[in-house]
Amino acid sequence: MVEWSDFERATIMDIFAKMDYEVVGPKALSRCLVVYPWTQRYFGNFGNLYNAAAIIANPLVAKHGTTILHGMDRAMKNMDNIKETYAELSVLHSEKLHVDPDNFKLLSDCLTIVVAAQWGKDFTGEMQAAFQKFLAVVVSSLGRQYH
């Protein structure tokens, strides 16, 4: 079980409270699909993903990006039991969707970049450390079924 300091809990909750899921989610997923184009293979039914402009404008990418953040919201609300919270999602992504678990880390890195860009100088190193610790637990929990 992961131990969270009061600062980490408060920071993660603050980040999510101030996050516009409908903006941050699509930006993070779009960035991931553009920067790491091999991740696009899981989104073949999303239509036009031929270039950055098409990915950014794709409503299915935007919708899924928002869905991802709502999924992370579940983890934030269950910080003491993220692995159990994500047990079904882990099975889905490993056994049905066959998603490469390394892609979860790539997406978490893109999410950190988007959050940092939006917060600017207010996104301190200490905040980033807490956020990335949270994301590492999420990534580990999603990849749990693979081990």
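Residue numbers restart at each chain and count upward from 1, following the sequence in its written direction. The predicted origin of the model limits local features to residues at a pLDDT of at least 70 and limits the giving and counting of side-chain atom pairs to 80 or more, whereas totals for whole chains, interfaces and linings rest on all residues. Computation of side-chain values covers all heavy atoms of the structure but excludes hydrogens and water.

Details of the overall build of the protein
Part 1 of the argument: In terms of regular secondary structure, the protein is built from eight helices and zero strands.
Part 2 of the argument: Helix and strand definitions here come from DSSP, where helices need a minimum of 4 consecutive H or I residues and strands a minimum of 2 consecutive E residues; each element is numbered from the N-terminal end. Each helix (α) and strand (β) of the protein, taken in turn from the N terminus, gives the series α-α-α-α-α-α-α-α.
Part 3 of the argument: Buried, partly exposed and exposed residues are distinguished by accessible area as a fraction of the type maximum, computed with a 1.4 Å probe on protein chains only: under 20%, between the cut-offs, and over 50%, respectively. Across the 147 residues of the protein, 45% fall into the buried class.
Part 4 of the argument: The contact definition used throughout considers only heavy atoms, calling two residues in contact when any of these lie within 4.5 Å. Of the contacts formed within the protein by residues at least 6 apart in sequence, a portion of 74% connects residues at least 24 apart.
Part 5 of the argument: Accessible surface, the protein: about 8,100 Å² in total, of which carbon and sulfur atoms supply 57%. Per-residue accessibility takes into account occlusion by the displayed protein chains alone, with areas from the Shrake-Rupley method and a 1.4 Å probe.

What about the state of the cysteines?
Part 1 of the argument: Here, a disulfide means two cysteine sulfur atoms that sit within 2.5 Å of each other. If you walk through the whole model with that rule in mind, you get zero disulfides.
Part 2 of the argument: Cys110 supplies the cysteine sulfur nearest to Cys32, a cysteine that is in no disulfide, at a spacing of 4.6 Å.
Part 3 of the argument: For Cys110, a relative accessible area of 2% translates into the label buried.

As for the pattern of salt bridges
Part 1 of the argument: What makes a salt bridge here is a side-chain nitrogen of Lys or Arg within 4 Å of a carboxyl oxygen of Asp or Glu, nothing more. Counted under the stated rule, the structure contains five salt bridges.
Part 2 of the argument: Here Asp73 ties to Lys77 by a salt bridge, and the two come within 2.9 Å at their closest N and O atoms. With Asp73 and Lys77 both in helix H4 (residues 59–77), this residue pair falls four residues apart, about one helical turn.

A look at the layout of surface pockets
Part 1 of the argument: Computed over the protein atoms alone on a 1 Å grid, cavities are sets of points where a 1.4 Å probe fits but cannot get out and pockets are open sets with protein on both sides within 12 Å along at least five of seven lines; a residue lines them when it has an atom within 4 Å of a point. Grid points are joined across faces, edges and corners, and a volume is the space filled by probe spheres set on the points. Here the second largest pocket defines a volume of roughly 180 Å³.
Part 2 of the argument: Taken together, Pro26, Lys27, Ser30, Arg31, Val34, Val35, Ile56, Val114, Ala117 and Gln118 form the lining of the second largest pocket.
Part 3 of the argument: Among the secondary structure elements, those contributing two or more residues to the lining of the second largest pocket are helix H2 (21–35) and helix H7 (102–119).
Part 4 of the argument: By residue number, the principal contributor to the lining of the second largest pocket is H2, which donates six residues.
Part 5 of the argument: In this count, Pro and Cys sit with the nonpolar residues alongside Ala, Val, Leu, Ile, Met, Phe, Trp and Tyr, while Asp, Glu, Lys and Arg are called charged and the others, Gly among them, polar. Taken together, the residues that form the lining of the second largest pocket break down as six nonpolar, two polar and two charged.

Here we look at the packing of H2 against H4
Part 1 of the argument: With axes taken as lines fitted to C-alpha atoms, and helix axes fitted only over the stretch in contact, angles between N-to-C directions fall between 0 and 180 degrees. Axis separation between H2 and H4 bottoms out at 7 Å; the angle between their running directions is 110°. In terms of axis orientation, H2 runs roughly perpendicular to H4. Taken as a pair, H2 and H4 cross one another with a handedness that is right-handed. Between H2 and H4, the contacting residues are Tyr21, Glu22, Val24, Gly25, Pro26, Leu29, Ser30 and Leu33 on the first element and Val61, Ala62, His64, Gly65, Thr66, Ile68, Leu69, His70 and Asp73 on the second. Roughly parallel covers angles under 35 degrees, roughly antiparallel covers those over 145, roughly perpendicular covers 65 to 115, and oblique covers all other angles. Crossing chirality is assigned from the near helix's rotation relative to the far helix, an anticlockwise turn below a right angle marking it left-handed and a clockwise turn marking it right-handed.

Here we look at the side chain of Asp73
Part 1 of the argument: Of the residues examined, Asp73 reaches a relative accessible area of 12% and is grouped as buried.
Part 2 of the argument: The term polar contact refers here to a pair of N or O atoms within 3.5 Å; inside protein, the definition further demands a hydrogen-donor-capable atom paired with an acceptor-capable atom, and it admits residues adjacent in sequence only when both atoms are side-chain atoms. There is a polar contact of 2.9 Å between the side chain of Asp73 and the side chain of Lys77.
Part 3 of the argument: Once residues within four sequence positions are removed from consideration, Asp73 is found in contact with Phe16 and Tyr21.

Details of the packing of H2 against H7
The description of two helices packed together rests on the angle between their axes and the distance between the axes.
Part 1 of the argument: Where H2 meets H7, the closest approach of the two axes is 8 Å, and the angle between their N-to-C directions is 130°. On the basis of their axis angle, the class for H2 and H7 is oblique. Along this stretch, H2 crosses H7, giving a crossing that reads as right-handed. Contact with H2, carried on its side by Val23, Val24, Lys27, Ala28, Leu29, Arg31 and Cys32, involves Leu106, Leu107, Cys110, Leu111, Ile113, Val114, Val115 and Gln118 of H7 and no other residues of that element.
Part 2 of the argument: Residue classes in the contact of H2 with H7 are distributed as twelve nonpolar, one polar and two charged.

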